[in-house]
Amino acid sequence: MKKSFKFLMLTVAFALLASPLSAKKIKWRMALSWPSNLTPLASPPAQLAKLVKKMSDGKFIIKVEGAEKTKAALGVLDMVKSGSYQMGHTGSYYYIGKDPNTVWFTTVPWGMTTAEQYAWFYYGNGMKYMKKVYDKFNVLAFPGGNTGVQMGGWFRKEIKTVDDLKGLKMRIPGFAGKVMAKLGVSVTNIPGGELYTSLDRGTIDALEWVGPGMDIKMGFHKVAPYYYTGWHEPASEMSFFINKKAFNKLPKKYQEMLVTAMKTVSADMFTENFAESVKAWAKMKKDYPNIKVKTFPVPVLKAMKKATDDIMNEYASKNALFKEILQDYNAYKKQAREWTMMSEYYYLKASQEVEK
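(A) Region of the structure containing the overall build of the protein chain. On a plain count of helices and strands, the protein chain comes out with 13 helices and eleven strands. By its C-alpha atoms, the protein chain is 95 × 45 × 45 Å across when sized along the principal axes. Out of the 356 residues in the protein chain, the part that is buried amounts to 50%. In the protein chain, 77% of the contacts between residues at least 6 apart in sequence involve partners at least 24 apart. With an accessible surface of roughly 17800 Å², the protein chain has 58% of that area assigned to carbon and sulfur atoms. Side chains of the protein chain carry 53 positive and 31 negative charges; the gap between the two charge centres is 9 Å.

In structure tokens:
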């Protein structure tokens, strides 16, 4: 009788140990390149933490820490690589200085639209190349939410010719910053929290951020009257970084939860940002009727395109992987763009015609 009871108790104990309800709680930290209250940029990390906690019955906890906590907005890759944070949420193109191939996973000037780029990520070779680029950092990288086409920026003065760009002080990161520098712009990459003050005080003459939904929170429209349409970031994708060693230690079911949650919240960011921009632009127009929406003159746009091509070809001549991704990216864009034009562009043109 005693042996049977003892055997029963051991069986129950082992069952409890194997049960998810008794699993040891896992606690991670995620560093952001933006303040934790700067939505929609900060929305995917917050939503991911909630989803993972819910799916794991409270056993997998991710604490999200914004740039106001980490004090290193552009240091997220290093923090995740070192393991001081298990995860990060940032813009891949911030790390062009570490590897020029990182730009492909945010966006490039004159590149794909959001729909085209997501198709390249998940049904083309995008994810394969993302893995290849970040393997050397011992980091796993995943799409982390898209802003769609970003505006060309807020300018204190009108840009009429290419000469107007020369000597202009502008905050513009990534590949586009190199393009503008080639055209004579003095480029800087100031963290988001310092941008309004820099523009207001004249430390910089222009900046690009995102679009109305995010720009309205920054207040740029109060100090710079010219709002230029986009060319440089047609599909700006944020990135989730995960320390590879930390990920490999997770139970498989938690790995699957994490990957599923990242894809879910990334898709939602594009929708949230679109909705916020619709609302914000209506308010901007009403409260600040002197805002002048401009498109860069065609000669300026052509100069930007030529500078983009020159820089890309220069990188490709020195970096075999960059050349490989460039060719794959352009081939996919060419194929996808035909359908984009047939479906969305001509539909929008037709809609304008019938509504005149």
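(B) Local environment of the pattern of salt bridges. Per the stated rule, a full pass over the model turns up 17 salt bridges. Through salt bridges with shared partners, a single network forms among Arg29, Lys63 and Glu65.

(C) Representation of the sheet that holds strand S10 (residues 237–243) within the structure. Overall, mixed pairing links the five strands, which are arranged S2-S1-S3-S10-S4 in an open sheet. This sheet does not close on itself; its edge strands, each paired only once, are strand S2 (60–65) and strand S4 (139–146). Ignoring strand direction, the axes of neighbouring strands in this sheet form an average angle of 25°. Here strand S3 (residues 87–91) runs beside S10; their pairing, made up of five bridges, is antiparallel. Bridge assignment links Thr90 to a residue of S10, and that residue is Ser239. Running over the sheet, helix H5 (residues 114–123) touches S4 and S10 and is turned about 155° from S4. Across the face of the sheet, helix H11 (residues 252–287) comes into contact with strand S1 (26–32), S2, S3, S4 and S10 while running at roughly 30° to S4.

(D) Expanded view of the side chain of Asp215. Looking at where Asp215 falls in the secondary structure, it is placed in helix H9 (residues 212–218). For the buried Asp215, which has no salt bridge, the nearest side chain bearing the opposite charge is Arg171, at an N-O separation of 8.5 Å. The contact partners of Asp215, leaving out residues within four places of it in the chain, are Trp154, Trp209, Val210, Phe220, His221, Tyr227 and Met284.

(E) Highlighting a nonpolar patch on the surface. A cluster of nonpolar residues, Phe270, Phe274 and Val278, forms a patch on the protein surface that exposes about 290 Å² of accessible area. When you line up the elements, Val278 lands in helix H11.

(F) Region of the structure containing the pairing of S1. Here S1 lies mainly inside the structure; five of its seven residues are buried. Of the strand pairs in this sheet, S1 and S2 are connected by six bridges, and their pairing is parallel. Bridge pairing links Lys27 to Ile61 in S2. Where S1 and S3 come together, three bridges link them in parallel fashion. Across the sheet, residue Ala31 finds its bridge partner in S3, namely Gly88.

(G) Broad picture of unusual backbone geometry. Cis geometry marks the peptide bond from Thr39 to Pro40; its omega dihedral reads 0°. You can see Pro40 is positioned in the loop between S1 and helix H2 (43–55). If you check the backbone angles, Trp110 has positive phi at about 65° while not being a glycine. Examined against the element boundaries, Trp110 turns out to sit in the loop between S3 and H5. Trp110 gets classed as partly exposed once you look at its relative accessible area, which sits at 26%. Despite not being glycine, Asn138 shows a phi value in the positive range, around 55°.

(H) Structural detail: the sheet that holds strand S8 (residues 206–207). Strand order in this open sheet of six strands is S7-S6-S8-S5-S9-S11, and the pairing throughout is mixed. Edge positions in the sheet fall to strand S7 (186–188) and strand S11 (292–294), since each has one partner strand and no second.

(I) Up close: the nonpolar core. Of all hydrophobic cores here, the largest spans 102 residues; its most connected members are Leu48, Trp104 and Leu258. With near-sequence residues (within four places) excluded, Leu258 lies in contact with Trp28, Leu48, Val52, Phe60, Ile62, Met87, Ile242, Phe247 and Leu250.

(J) Geometry of the packing of aromatic side chains. Tallied over the entire structure, the rule returns 25 aromatic pairs. Look at Tyr345 and Tyr346: their rings are 5.1 Å apart centre to centre, the planes differ by 75°, and that puts the pair in the edge-to-face class. When its relative accessible area of 45% is taken as the criterion, Tyr346 is described as partly exposed. By the ring-pair criterion, three or more aromatic residues cluster together here, those being Trp104, Tyr118, Trp120, Phe121, Tyr122, Phe175, Tyr315, Phe322 and Tyr329. Over the ring of Tyr129 we find Lys128, and its NZ or CZ is 4.7 Å from the ring centre. Over the ring of Tyr226 we find Lys292, and its NZ or CZ is 5.6 Å from the ring centre.

Parameters at a glance
Residues numbered from 1 in each chain as written. Predicted model: local features only at pLDDT ≥ 70, side-chain atom pairs only at ≥ 80, totals over all residues. Heavy atoms only, no water. Helix = DSSP H or I, 4+ residues; strand = E, 2+ residues; numbered from the N terminus. Buried < 20%, exposed > 50% of the residue type's maximum accessible area, 1.4 Å probe, protein only. Contact = heavy atoms within 4.5 Å. Areas by Shrake-Rupley, 256 points an atom, 1.4 Å probe, with all protein chains shown as cover. Lys, Arg positive; Asp, Glu negative; His and termini not counted. Charge placed at Lys NZ, Arg CZ, Asp CG, Glu CD. Salt bridge = Lys/Arg side-chain N within 4 Å of Asp/Glu carboxyl O. Pairing = 2+ DSSP bridges. Axes fitted to C-alpha atoms, helices over the stretch in contact; angles between N-to-C directions. Patch = residues over 30% accessible without salt bridge, like charges linked within 9 Å, V, L, I, M, F, W, Y side chains within 5 Å. Core = buried A, V, L, I, M, F, W, Y, C linked by side-chain atoms within 4.5 Å. Phe/Tyr/Trp six-rings, centres within 6.5 Å; stacked < 30°, edge-to-face > 60°. Lys NZ or Arg CZ within 6 Å of the ring centre and 35° of its normal.

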